[in-house]
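In case you want the letters, here they are:
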Amino acid sequence: MTANQTTLKTLPADLHPDYLPNHVAVIMDGNGRWAKQKGLPRRAGHKQGVDTLKSLLRCCKDWGIGALTAYAFSTENWSRPLEEVEFLMTLFERVLRQELNELIQEQVQIRFVGNLTALPQSLQNEIHHSMEATRRNDGIKFTIAKNYGGRQEIVHACHQIAEQVKNGLLGLDEIDVQLFEQYLYTAGNCDPDLLIRTSGEMRLSNFLLWQTAYAELYVTDTLWPDFDRAEFHQALQTYQQRDRRFGGLKSDTV
Ligand code: IPE
Ligand code: IPE
Ligand code: MG
């Protein structure tokens, strides 16, 4: 660990502990570009990206942030070359198996969101095992979006609600925002306060379309494998300067 990383082990003094986001969501983008810049194959970027995610999870835990959600694979990522898709699935499964004991010890509560039934069976088994093994943990809530699409999630919720109405179990007038949220993959999670996207793209790419309605957006040109504690510190500094109005007036306007 470098001197800089050691000093960042505890919450940096310029961050106010009372105004940290409860929930941070990340679109981990730029693995391929990182690898290309170094003359390496794309998979080297994905491998390095896993280490970045592990470090960010630890950092959130160290700094007292209650929930982290990471976009690991979108419903649109299937359109990549088969070799890359297979590599990502295998990497994911291996990392999950390797890290599970430590995650259990560290009281991390793991959850997966997305259409999990379309994933390879061995990965599904690992996913269900990890969720079950960490279900009673009371530390940071770590959600991984795998084969996730925000539009698909909303349509899936609509199907389930329609089914309930059709069967006479739910009345039309009972459908409101609170009820709808209970049918999303993320039911029970609080909405992200801060959404970070690395590598400079100014788009959501189908991530948490419903849940980010009032998230503060932070986009950095830094590529995901290079997103370290110092970068996260900067994102949190920016977040703490925002005035979250939720449709109301500036906090100093009375
Ligand atoms: C993000 O990095 C990882 C996934 C989408 C799985 P990319 O693979 O999208 O990297 P770039 O955008 O090509 O650099
Ligand atoms: C978003 O990145 C998906 C993940 C990070 C898993 P992409 O690289 O797939 O997004 P686009 O294609 O640039 O919109
Ligand atoms: Mg990308």
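One can find the structure itself at the top, above this paragraph.
Residues numbered from 1 in each chain as written. Chains lettered and ligands numbered in written order. Predicted model: local features only at pLDDT ≥ 70, side-chain atom pairs only at ≥ 80, totals over all residues. Heavy atoms only, no water.

1. Considering the overall build of the protein chain
Logical step 1: Counting its regular elements, the protein chain contains eight helices and six strands.
Logical step 2: Counting helices and strands in the order they occur from the N terminus, the protein chain gives α-β-α-α-β-α-β-α-β-α-α-β-β-α.
Logical step 3: Scaling as 2.2 N^0.38, a compact globule of 254 residues should have a C-alpha radius of gyration of about 18 Å, and the protein chain matches this with 19 Å.
Logical step 4: Its C-alpha atoms give the protein chain principal-axis dimensions of about 60 × 55 × 35 Å.
Logical step 5: When the 254 residues of the protein chain are sorted by exposure, 46% land in the buried category.
Logical step 6: By sequence separation, contacts in the protein chain at least 24 residues apart represent 75% of the contacts at least 6 residues apart. (Helix = DSSP H or I, 4+ residues; strand = E, 2+ residues; numbered from the N terminus. Rg over C-alpha atoms; globule rule 2.2 N^0.38 Å. Buried < 20%, exposed > 50% of the residue type's maximum accessible area, 1.4 Å probe, protein only. Contact = heavy atoms within 4.5 Å.)

2. Section: the environment of Arg33
Logical step 1: In this structure, Arg33 sits in helix α2 (residues 31-37).
Logical step 2: We classify Arg33 as partly exposed; its relative accessible area is 33%.
Logical step 3: Separated by 191 residues in sequence, Arg33 and Trp224 place their C-alpha atoms 9.4 Å apart.
Logical step 4: Setting aside chain neighbours within four positions, we find Arg33 in contact with Ser199, Glu201 and Leu223.
Logical step 5: Here the side chain of Arg33 touches Ser199 through a polar contact of 3.1 Å, side chain to side chain.
Logical step 6: Looking at Arg33, its side chain comes within polar contact range of the side chain of Glu201, at 2.8 Å. (Polar contact = N/O pair within 3.5 Å; in protein donor to acceptor, adjacent residues only side chain to side chain.)

3. Details of the nonpolar core
Logical step 1: Within the largest apolar cluster, 42 residues are counted, with the highest numbers of intra-cluster contacts made by Val26, Leu68, Phe112, Ile196 and Phe232.
Logical step 2: For this core, the element with the most residues is helix α4 (residues 82-105), which contributes seven residues.
Logical step 3: Beyond its immediate stretch of four places on either side in the chain, Val26 contacts Leu56, Leu68, Thr69, Ala70, Tyr71, Leu195, Ile196, Phe207 and Trp224.
Logical step 4: One finds Tyr71, Tyr148, Leu195 and Ala215 within the second-largest nonpolar core, a separate group that totals eleven residues. (Core = buried A, V, L, I, M, F, W, Y, C linked by side-chain atoms within 4.5 Å.)

4. What about the site of ligand 1?
Logical step 1: Looking at ligand 1, there are 13 residues lining it, with Asp29, Gly32, Arg33, Arg42 and Arg80 nearest.
Logical step 2: For ligand 1, an oxygen atom lies 2.9 Å from a polar atom in the side chain of Asp29.
Logical step 3: With respect to ligand 1, the backbone of Gly30 contributes an N or O atom lying 3.4 Å from an oxygen atom.
Logical step 4: A total of three residues in the shell around ligand 1 trace back to one element, the largest contributor, which is α2. (Near = heavy atom within 4 Å.)

5. Looking at unusual backbone geometry
Logical step 1: A positive phi angle is found at Gln107, which is not glycine, with a value near 65°.
Logical step 2: Structurally, Gln107 is set in the loop between α4 and β3 (109-113).
Logical step 3: A relative accessible area of 33% means that Gln107 is categorised as partly exposed.
Logical step 4: At Asn206, a position not held by glycine, the phi torsion is positive, near 70°.
Logical step 5: Here Asn206 shows up in the loop between β5 (194-197) and β6 (216-219).

6. Some remarks on the packing of aromatic side chains
Logical step 1: This model, assessed by the stated rule, comprises eleven aromatic pairs.
Logical step 2: Aromatic side chains Trp63 and Phe232 sit 5.8 Å apart centroid to centroid with 10° between the ring planes, which places their arrangement in the stacked category. In this pair, Trp63 sits in helix α3 (residues 42-63) while Phe232 sits in helix α8 (residues 229-241), placing the two residues 169 residues apart along the sequence.
Logical step 3: A relative accessible area of 3% places Trp63 in the buried class.
Logical step 4: When the ring of Trp224 is compared with that of Phe227, the centres are 5.6 Å apart and the planes differ by 15°; the resulting orientation is stacked. In terms of burial, Trp224 and Phe227 fall into one category: buried.
Logical step 5: Taken together, the ring pairs connect Trp63, Trp224, Phe227 and Phe232 into an aromatic cluster.
Logical step 6: Between the NZ or CZ atom of Lys146 and the centre of the ring of Phe92, over which it lies, the distance is 4.0 Å. (Phe/Tyr/Trp six-rings, centres within 6.5 Å; stacked < 30°, edge-to-face > 60°. Lys NZ or Arg CZ within 6 Å of the ring centre and 35° of its normal.)

7. What to know about the pattern of salt bridges
Logical step 1: Taken as a whole and judged by the stated rule, the model has 21 salt bridges.
Logical step 2: With a closest N to O distance of 3.0 Å, Glu216 and Arg242 form a salt bridge. Within this pair, whereas Glu216 is found in strand β6, its partner Arg242 is found in the segment after α8, the two being separated by 26 residues in sequence.
Logical step 3: Between Asp243 and Arg245 there is a salt bridge, with the nearest N and O atoms lying 3.6 Å from each other.
Logical step 4: Exposure remark for Asp243: the relative accessible area of 24% places this residue in the partly exposed category.
Logical step 5: Through salt bridges with shared partners, one network takes in Asp29, Arg33, Arg197, Glu201 and Arg203. (Salt bridge = Lys/Arg side-chain N within 4 Å of Asp/Glu carboxyl O.)

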